[in-house]
Amino acid sequence: QVQLVESGGGLVQPGGSLRLSCAASGFTLDDYAIGWFRQAPGKEREGVLCISSSDGSTYYVDSVKGRSTISRDNAKNTVYLQMNSLKPEDMAVYYCAATLSRYCDGSSWYRWMTYDYWGQGTQVTVSS
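A brief structural summary. (Residues numbered from 1 in each chain as written. Predicted model: local features only at pLDDT ≥ 70, side-chain atom pairs only at ≥ 80, totals over all residues. Heavy atoms only, no water.)

On the secondary structure map, serine 52 appears in the loop between β5 (46–51) and β6 (58–60). With relative accessibility at 0%, the residue serine 52 sits in the buried group. In terms of polar contacts, serine 52 uses its side chain to reach the backbone amide nitrogen of cysteine 104, at 2.9 Å. (Helix = DSSP H or I, 4+ residues; strand = E, 2+ residues; numbered from the N terminus. Buried < 20%, exposed > 50% of the residue type's maximum accessible area, 1.4 Å probe, protein only. Polar contact = N/O pair within 3.5 Å; in protein donor to acceptor, adjacent residues only side chain to side chain.)

Set out below in structure tokens:
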């Protein structure tokens, strides 16, 4: 069956780094554009970044630009989110999502309604 599973979350100190993984089963991630979202307590779900299925083009929300990188490993059917220089405001549950729109669209990649499949999330805690 179609499934997305996030992993790699945990507790890090401010300024630290971690790599989140999004592993797919039941479908091929390379056929989909993949978005990462996060939801902090009391906040709306926020689009973080998106990677297109074909040319690997990416979009980033301004708050993580320069600190985060998204990449694909098609052999492992996995997408990675590398997060550096983490700040307390990065603390949230992080979700990956997939859409058959093969390219991230500049006007819709950050909208949750764009995506067809969602994972269950992984917790990122940033605290000293």
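What follows picks up the thread again.
Before going further, it helps to spend a moment on the pattern of salt bridges. Should the charged atoms of two oppositely charged side chains come close, the side chains can pair. By the definition in use, this model includes 5 salt bridges. With its nearest N and O atoms 3.6 Å apart, the salt bridge here joins arginine 102 to aspartate 31. You can see arginine 102 sitting in the loop between β9 (92–99) and β10 (117–118) and its partner aspartate 31 sitting in the loop between β3 (18–25) and β4 (33–39), a full 71 residues away along the chain. Aspartate 31 gets classed as partly exposed once you look at its relative accessible area, which sits at 36%. Among the charged side chains, a salt-bridge network with shared partners connects Arg38, Glu46, Arg67 and Asp90. (Salt bridge = Lys/Arg side-chain N within 4 Å of Asp/Glu carboxyl O.)

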